Amino acid sequence: TTDTPRHKGHVIPKSLFPDSKPSNIQRPTVPECESCQKSWTDAETQFRNLLVIAGEQNSDVHEKWDTVLRSFDKRSGKRWVSDVYHSMVPIETESGPRHMVYPYKDPRVNLVLRKIVRGLSAYHGVAEWVDDDRVWVGYVPNTMPESIRNQILVHHLGESFFQYGLALFDEEMENELDVESGWLFRFYESREFLGLVSKSGNAKEQFGHFNPAK
């Protein structure tokens, strides 16, 4: 709607930015209503926690881990610990049993990833508004179309923190793939996700075969 006051909404959750990053580093924002801002709070905390414990560590991850540990001592800390624990999946490796997390499978992480796709679409002028059901996100598959990978233009908000790529297509390719834009996200150098925006229809049904259920 247009009758609700808008505020500055951060496309990339503020909780992900390492404190050591310069204050003048690019932080994409888009207009956002107050109710939307409040609705992200819970999801973005889970998003931060799972991204920090998933994948390889670097200096930014170590820095955010200290923040995560401090949050566990707060009033809602027990719930955050429980949420992380229940996100862990036991697996067998050559060195023995371990636990793994699959961030994109978590509904709150998936919600925030879709929000980032929608926010960057508006920020870069790809589309003023993208319906949530037109956005699919998942891990980067080995079968990712080369037509998408080859057209990605890379941006970054600190190379060790967050990089993202945008792929736009000519009209013929858009019609062939029924895709409006493709997005590649890399957090903390090793956590990669793919985002696709459908031109029409339900993106989950259309692109779900890239990450088949296991």
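Not measured: the values here are computed from a predicted model.

A. Main features of the pattern of salt bridges. The tally for this structure, following the rule as stated, stands at 10 salt bridges. Among the ionic pairs, Arg79 bridges to Asp83, the shortest N-O distance being 4.0 Å. In this pair, Arg79 and Asp83 both sit in helix α3 (residues 77–87), four residues apart, roughly one turn of the helix. The network of salt bridges with shared partners includes Asp42, Arg79, Asp83 and Arg108.

B. Quick look at the packing of helix α1 (residues 34–53) against helix α2 (residues 59–72). Running from N to C, α1 and α2 cross one another at 130 degrees; their axes reach a closest spacing of 10 Å. What the angle tells us is that α1 and α2 run oblique. For α1 against α2, the interelement crossing comes out left-handed. Seen from α1, the contacting residues are Arg48, Asn49, Val52 and Ile53; seen from α2, they are Val61, Lys64, Trp65, Thr67, Val68, Ser71 and Phe72. Grouping the amino acids of the contact of α1 with α2 by side-chain chemistry returns six nonpolar, three polar and two charged.

C. Molecular detail of a nonpolar patch on the surface. Together, Ile53, Trp65, Leu69, Tyr85 and Met88 line one region of the surface with nonpolar side chains, adding up to about 450 Å² of accessible area. Structurally, Ile53 is set in helix α1.

D. Up close: the nonpolar core. Core analysis: the biggest nonpolar cluster contains 40 residues, and Ile12, Phe47, Leu113, Ile116, Phe185 and Phe187 have the highest contact counts within it. For this core, the elements supplying multiple residues, two or more each, are α1, α2, α3, α4 (107–123), β5 (135–138), β7 (162–167), β8 (179–187) and β9 (191–198). Here the element with the most residues in this core is α4; it accounts for six residues. The contacts of Leu113, once residues within four sequence positions are left out, are Phe47, Tyr104, Val137, Phe185, Phe187 and Phe193. Counting residues in hydrophobic clusters, the runner-up holds nine residues, among them Val140, Leu184, Leu196 and Phe210.

E. Molecular detail of the packing of aromatic side chains. What the rule picks out here adds up to 10 aromatic pairs. Here the aromatic rings of Phe161 and Phe162 are separated by 6.3 Å at their centres, their planes lie at 55 degrees, and the arrangement is tilted. In this structure, Phe161 and Phe162 share a single accessibility class: buried. Ring centres of Phe162 and Tyr164 lie 5.5 Å apart, and the angle between their planes is 20 degrees; on these two criteria the pair is classed as stacked. The exposure class assigned to Phe162 is buried, which follows from its relative accessible area of 0%. In textbook terms, an aromatic cluster arises when at least three aromatic residues are bridged by ring pairs, as seen for Phe17, Phe47, Phe161, Phe162, Tyr164, Phe185, Phe187, Tyr188 and Phe193.

F. How the structure looks around α4. Here α4 contains 17 residues, and its C-alpha end-to-end distance of 24 Å stays within 8% of the 24 Å for a straight helix at 1.5 Å per residue. In terms of burial, α4 is a largely internal element, 12 of the 17 residues being buried. Taken from the residues just after α4, Gly125 is the one with a positive phi, measuring 75 degrees.

Quick notes on the rules
Residues numbered from 1 in each chain as written. Predicted model: local features only at pLDDT ≥ 70, side-chain atom pairs only at ≥ 80, totals over all residues. Heavy atoms only, no water. Salt bridge = Lys/Arg side-chain N within 4 Å of Asp/Glu carboxyl O. Helix = DSSP H or I, 4+ residues; strand = E, 2+ residues; numbered from the N terminus. Axes fitted to C-alpha atoms, helices over the stretch in contact; angles between N-to-C directions. Parallel < 35°, antiparallel > 145°, perpendicular 65-115°, else oblique. Left-handed = near helix turned anticlockwise from the far one by under 90°. Contact = heavy atoms within 4.5 Å. Nonpolar A, V, L, I, M, F, W, Y, C, P; charged D, E, K, R; others polar. Patch = residues over 30% accessible without salt bridge, like charges linked within 9 Å, V, L, I, M, F, W, Y side chains within 5 Å. Areas by Shrake-Rupley, 256 points an atom, 1.4 Å probe, with all protein chains shown as cover. Core = buried A, V, L, I, M, F, W, Y, C linked by side-chain atoms within 4.5 Å. Buried < 20%, exposed > 50% of the residue type's maximum accessible area, 1.4 Å probe, protein only. Phe/Tyr/Trp six-rings, centres within 6.5 Å; stacked < 30°, edge-to-face > 60°. Expected span 1.5 Å × (residues − 1).

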